[in-house]
Amino acid sequence: MSIGVFDSGVGGLTVHHALVDRLPSADFIYLADQANTPYGGRPGPEIVDLTRKGCERLFDAGASLVILACNTASAIALRRLQQTWLPGHRRALGRPVNVLGIIVPTIEAATGLPWQHEVERKPGKIEQLDVLGIFCTPATANSRVYEIEIDKRRDDVAVFSEPCPTLAGLIERGAGAVELATVVEKHVDALRARLGRHPDRAILGCTHYEIVADMFRAALPPGTPLIHQPRATADAIEAYLAKHPEYEPGRDGTRRFLTTGTPGPQHGLVEAFWGAPLGFDAA
Ligand code: DGL
């Protein structure tokens, strides 16, 4: 058995990297749905359908646990698939399988609270408001998942999402540094203009954006903390596997990279992030 990692494209590699560092002896299969990337501007039902097909492909390839290393799929498809599709698919496969997303661990990291925390609302004045910016795809921004879930847990954190409609596609195509930095600066500036100030902290709420995290750091005021979604996810998955031995992660340290798009090497931007050439096989 193995751990499956799914994204619309190369963004999930940022999460995969952290997972592999944390669980070096586990077997991993990464699936990039590059035939259909980017997901962030697609209607919800399409995102649900594509995510389900990706999970099916990974379970067929031997995954016991699939991590949706994609905010868009986690925000739009995860709950729907867990409620309507996964129970039947589990029965059909006749073995324990599960799908987990990356938004829960990210919200736990952003709030400093476990997901199941009982929220105690204390009356009174909020001394200091912590302004949290989320840079994400339009689908994730429209879902308002970060606003809703953080708001339930923390009175003193104000969340503002900034949709970046073209950024994941540009990263997927391996656009040049100048073009990417210009788009990143435009969105950081748009959020600043909307709020009248920069956020105190930020989340790169699309896994593709972690590949250009240095551009966000350069565009935001120096030292603005970025909540690191890949690390938060690796913490959560390590803890989850320790509690759920039924999801067997393998022990040979194998790595497979599959794409629904064109097989072969990825472009320089991905290789620079990955630190080595990276070839994908046909899914
Ligand atoms: N990397 C994905 C995310 O975290 C998807 C980007 C896209 O396909 O639009 O949202």
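For the structure given in this document, a descriptive report is provided here.

Thresholds, definitions, all that
- Note that residues are indexed from 1 along each chain, following the sequence as it is written.
- At least 70 in pLDDT is required for a residue's local features to be given in this predicted model, at least 80 for side-chain atom pairs to be given and counted, and no such filter applies to totals for whole chains, interfaces and linings, which use all residues.
- Note that water and hydrogens are dropped before the side-chain values are worked out from all heavy atoms of the structure.
- Labels follow the DSSP assignment, with helices taken as runs of H or I lasting at least four residues and strands as runs of E lasting at least two, numbered in each case from the N terminus.
- Under the scheme applied here, a residue whose accessible area is under 20% of the maximum for its type counts as buried, over 50% as exposed, and between as partly exposed, the area being computed with a 1.4 Å probe on protein chains only.
- The cutoff for a nearby residue is simple: one of its non-hydrogen atoms must lie within 4 Å of the molecule or strand.
- Nitrogen and oxygen atoms within 3.5 Å of one another constitute a polar contact, given that in protein one can donate a hydrogen and the other can accept it, and given that sequence-neighbouring residues count only through two side-chain atoms.
- Only the protein chains shown count as cover for residues, with accessible areas throughout obtained via the Shrake-Rupley method and a probe of 1.4 Å.
- Take a side-chain nitrogen of Lys or Arg and a carboxyl oxygen of Asp or Glu: if they are within 4 Å of each other, that pair is a salt bridge.
- Whether two aromatic rings pair depends on their centres lying within 6.5 Å, for rings of Phe, Tyr and Trp, where Trp uses its six-membered ring; planes under 30 degrees apart make the pair stacked, over 60 edge-to-face, and the rest tilted.
- Two limits define a charge over a ring: the Lys NZ or Arg CZ must be within 6 Å of the ring centre, and within 35 degrees of the ring normal.
- Pairing between strands is defined by DSSP: at least two bridges between them are needed.
- Any two residues having at least one pair of non-hydrogen atoms within 4.5 Å are treated as being in contact.
- We call a set of buried residues a nonpolar core when its members are Ala, Val, Leu, Ile, Met, Phe, Trp, Tyr or Cys and they connect through side-chain atoms within 4.5 Å of each other.

## Overview of the environment of V15
So, point 1. With respect to the helices and strands, V15 occurs in helix α1 (residues 13–22).
So, point 2. For V15, a relative accessible area of 0% gives the class buried.
So, point 3. Separated by 87 residues in the primary sequence, V15 and I102 have C-alpha atoms spaced 8.9 Å apart.

## Describing the site of the ligand
So, point 1. The local shell around the ligand holds 14 residues, among which S8, Y39, N71, T72 and H208 are the closest.
So, point 2. T207 is positioned such that a nitrogen or oxygen atom in its backbone is 2.8 Å from an oxygen atom of the ligand.
So, point 3. For the ligand, whose accessible area on its own is 300 Å², the fraction buried by protein is 99%.

## Considerations on the pattern of salt bridges
So, point 1. For the coordinates displayed, the defined rule picks out 15 salt bridges.
So, point 2. The residue D130 makes a salt bridge to R201 at a minimum N-O spacing of 2.8 Å. Here D130 is found in strand β5 (residues 130–136), whereas its partner R201 is found in strand β7 (residues 201–204), with 71 residues between them in sequence.
So, point 3. When its relative accessible area of 16% is taken as the criterion, R201 is described as buried.
So, point 4. The salt bridge involving R251 is made with E248; its shortest N-O contact spans 3.8 Å.
So, point 5. Accessibility expressed as a relative area gives 64% for R251, which makes it exposed.
So, point 6. By relative accessible area, E248 is classed as partly exposed at 28%.
So, point 7. Residues participating in the shared-partner salt-bridge network are D49, R52, K53 and E56.

## Remarks on the packing of aromatic side chains
Each pair of aromatic rings is reported with the distance of its centres and the angle of its planes.
So, point 1. Counted by the stated rule, this structure contains ten aromatic pairs.
So, point 2. Taking 5.9 Å as the distance between ring centres and 25° as the angle between the ring planes, the aromatic pair formed by Y209 and F216 counts as stacked.
So, point 3. What links up through ring pairs into an aromatic cluster is the set Y30, F257, F273, W274 and F280.
So, point 4. The cationic tip of R153 hangs over the ring face of W115; the distance from NZ or CZ to the ring centre is 3.8 Å.

## Focus on the sheet that holds strand β8 (residues 226–227)
So, point 1. The strand order β6-β5-β7-β8 describes an open sheet built from four strands, whose pairing is parallel. Of all the strands in the sheet, the pair left with one neighbour each is β6 (157–163) and β8.
So, point 2. Bridge count between β7 and β8: two bridges; the pairing is parallel. Along β8, the bridge assignment pairs I203 with I227.

## Side note on the side chain of E149
So, point 1. Assignment of secondary structure puts E149 in helix α8 (residues 145–153).
So, point 2. For E149, a relative accessible area of 8% corresponds to the buried category.
So, point 3. At 3.1 Å, the side chain of E149 and the side chain of K152 are in polar contact.
So, point 4. Those residues in contact with E149 that sit more than four places away from it in its chain are R79, I107 and W115.

## So, the nonpolar core
So, point 1. Core analysis: the largest hydrophobic core is formed by 51 residues, its most contacted members being L13, F135, L167, Y209 and F216.
So, point 2. In terms of residues, this core owes the most to one element, helix α10 (residues 177–195), which gives six residues.
So, point 3. When residues no more than four places from it in sequence are discounted, the contact partners of Y209 are F135, C136, T137, C164, L167, A168, I171, L204 and F216.

## Here's the deal with unusual backbone geometry
So, point 1. The residue after T37, namely P38, is reached through a cis peptide bond having omega -5°.
So, point 2. Relative to the assigned elements, P38 resides in the loop between β2 (28–32) and α2 (44–60).

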